[in-house]
Structures are given as structure tokens and as C-alpha cells.
Amino acid sequence: ITNILKLNKLENQQIFPQPQAFDLGEQLCDSLLQYESVWERENIEIETDIQEDVTVYADRELLFLVWNTLLSNAFKFTPSGGTVRLTLAADPCCAVVQVSDPGVGMSAETGAHIFEKFYQGDTSHATQGNGLGLALVKRVVDILHGEISVESVPEKGSTFIVKFRKI
């Protein structure tokens, strides 16, 4: 219900971004640490490559929602003993975040629909979600003038790539 309400507000422009400058690497680390009990319980390895001093000007709370959803999905689709990878790199204009998992991956057709409301490409995890998380992520990224894409191979895993202008 919370996701439905948030998405409805975002789609109807009832949530207005409150941009501020902040260190994206710190936010990503804070987001990742929320899942420490999950990765310990599931024996999941964490690999990070977080470039330091990458400042973005965006809505901190809305971006936190993006990382929370992408990391939650990565842990949901990573088998016990697998590895979740989180990277942050920056070039002169953009910050690029990648969240990767070695899970079930998805076909090109599934990838084409993954950001649609209520779409669930892997129904084996349907009880753990409602198909709104990635639609919400896409809407937030659009509102914040970023870009999101996914690279995936069935049975090999997925990498979500998010780009934002940095300051």
C-alpha cells in the first residue's frame, strides 16, 4: 500500500523534490548497511567499489528509496553464497551507480517491461513483492533527471545502472 501511495503521488506530481548537495558514496554505504543482517543470514558476499568525494545535487530521501529498492531486489535474487556488487564511479559530468546480483537474470523481453507497474518477470518471488518497486524507482529517477537501465542475462544475473549529474 505504501508503494502504491508513493507511486501515485509521484505520478501525479504531488511529491516535489527537495534537492540538496550530499556525498553519494556515504548514502550508498548507509543504504547497504541496512541489509547487513540479510547478507549475514544468507551468507552473501558484498563487493564494493565506491569512488570517494562524489557529490550530487538531488533529493536525498527520494534517492535513498532508489538504492533501498535496488539493493532489496539484489538480495532477494541472490542465492545463498552469492555476491552482491555495488559500485559508484564518476566522470566529469555524471555519477554512475551499479547494483549487480548473480541471480536468475531476465530475458530481453522481461527487461523491456521491468519498470512497468505490477510487472513481475520472475513469479517465483511474487510473494516477496508487488511489482511496484522498479516502477517507483523509474519514476524517481525520471523526476530527478537521471537515467536507469538494466543489463541482464538469464541464469547469470542482473546489473542495474543509475546515472545522475554530479556537481
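Residues numbered from 1 in each chain as written. Predicted model: local features only at pLDDT ≥ 70, side-chain atom pairs only at ≥ 80, totals over all residues. Heavy atoms only, no water.

Caption draft 1: View of the sheet that holds strand β7 (residues 157-165). Strand order in the open sheet made by the five strands is β2-β4-β5-β7-β6, with mixed pairing throughout. With one partner strand each, in any of the chains shown, β2 (45-50) and β6 (147-153) form the two edges of the open sheet. With strand direction ignored, the average angle separating the axes of adjacent strands in the sheet is 10 degrees. In this structure, β6 lies alongside β7, joined through seven bridges in antiparallel fashion. Its bridge partner lying in β7, valine 153 is registered against glycine 157. Across the sheet, helix α4 (residues 60-77) is in contact with β2, β4 (83-90), β5 (94-101) and β7; its angle to β5 comes to roughly 25 degrees. (Pairing = 2+ DSSP bridges. Helix = DSSP H or I, 4+ residues; strand = E, 2+ residues; numbered from the N terminus. Axes fitted to C-alpha atoms, helices over the stretch in contact; angles between N-to-C directions. Contact = heavy atoms within 4.5 Å.)

Caption draft 2: A look at helix α2 (residues 24-33). Looking only at α2, the buried set comprises Leu24, Gly25, Gln27, Leu28, Ser31 and Leu32. Relative to the axis of α2, the buried residues are bounded by an arc of 160 degrees and lie together on one face. In this structure, α2 carries Glu26 and Leu33 as exposed residues pointing more than 90 degrees from its buried face. Capping the start of α2 is the job of one residue whose side-chain oxygen sits 2.9 Å from the backbone nitrogen of glycine 25: aspartate 23. (Buried < 20%, exposed > 50% of the residue type's maximum accessible area, 1.4 Å probe, protein only. Arc of directions from axis to C-beta. Polar contact = N/O pair within 3.5 Å; in protein donor to acceptor, adjacent residues only side chain to side chain.)

Caption draft 3: Highlighting the pattern of salt bridges. Following the criterion strictly, the structure yields three salt bridges and no others. Here glutamate 42 and arginine 41 are joined by a salt bridge, their closest N and O atoms 3.5 Å apart. By relative accessible area, arginine 41 is classed as exposed at 58%. Between arginine 85 and glutamate 47 there is a salt bridge, with the nearest N and O atoms lying 3.2 Å from each other. Linking arginine 85 in strand β4 with glutamate 47 in strand β2, this pair joins segments that are 38 residues apart in sequence. Given a relative accessible area of 30%, arginine 85 falls into the partly exposed group. By relative accessible area, which is 39% here, glutamate 47 ends up partly exposed. (Salt bridge = Lys/Arg side-chain N within 4 Å of Asp/Glu carboxyl O.)

Caption draft 4: Expanded view of the packing of α4 against helix α6 (residues 133-143). Packing of α4 against α6 brings their axes to within 9 Å, and their N-to-C directions diverge by 145 degrees. Considering the relative orientation of α4 and α6, their crossing is left-handed. In contact with Leu62, Leu65, Val66, Thr69, Leu70 and Asn73 of α4, α6 contributes Gly133, Leu134, Leu136, Val137, Val140 and Val141. Of the residues in the contact of α4 with α6, the class split is nine nonpolar, three polar and no charged. (Left-handed = near helix turned anticlockwise from the far one by under 90°. Nonpolar A, V, L, I, M, F, W, Y, C, P; charged D, E, K, R; others polar.)

Caption draft 5: Inspection of the nonpolar core at higher detail. Core analysis: the biggest nonpolar cluster contains 38 residues, and Leu24, Leu63, Val66, Trp67, Leu70, Phe75 and Val97 have the highest contact counts within it. For this core, the elements supplying multiple residues, two or more each, are α2, α3 (36-41), β3 (55-59), α4, β4, β5, α6 and β7. Sort the elements by how many residues they give to this core and α4 lands first, with nine residues. Ignoring anything within four residues of it in the chain, the contact list for valine 66 reads Val137, Val140 and Val141. (Core = buried A, V, L, I, M, F, W, Y, C linked by side-chain atoms within 4.5 Å.)

Caption draft 6: Looking closely at the side chain of threonine 78. Assignment of secondary structure puts threonine 78 in the loop between α4 and β4. Taking the relative accessible area as the measure of exposure, threonine 78 reaches 6% and is therefore buried. Of note is the side chain of threonine 78, whose polar atom sits 2.5 Å from the backbone oxygen of alanine 74. For threonine 78, the residues in contact, after removing those within four places along its chain, are Ile44, Thr83, Val84, Asp101 and Pro102.

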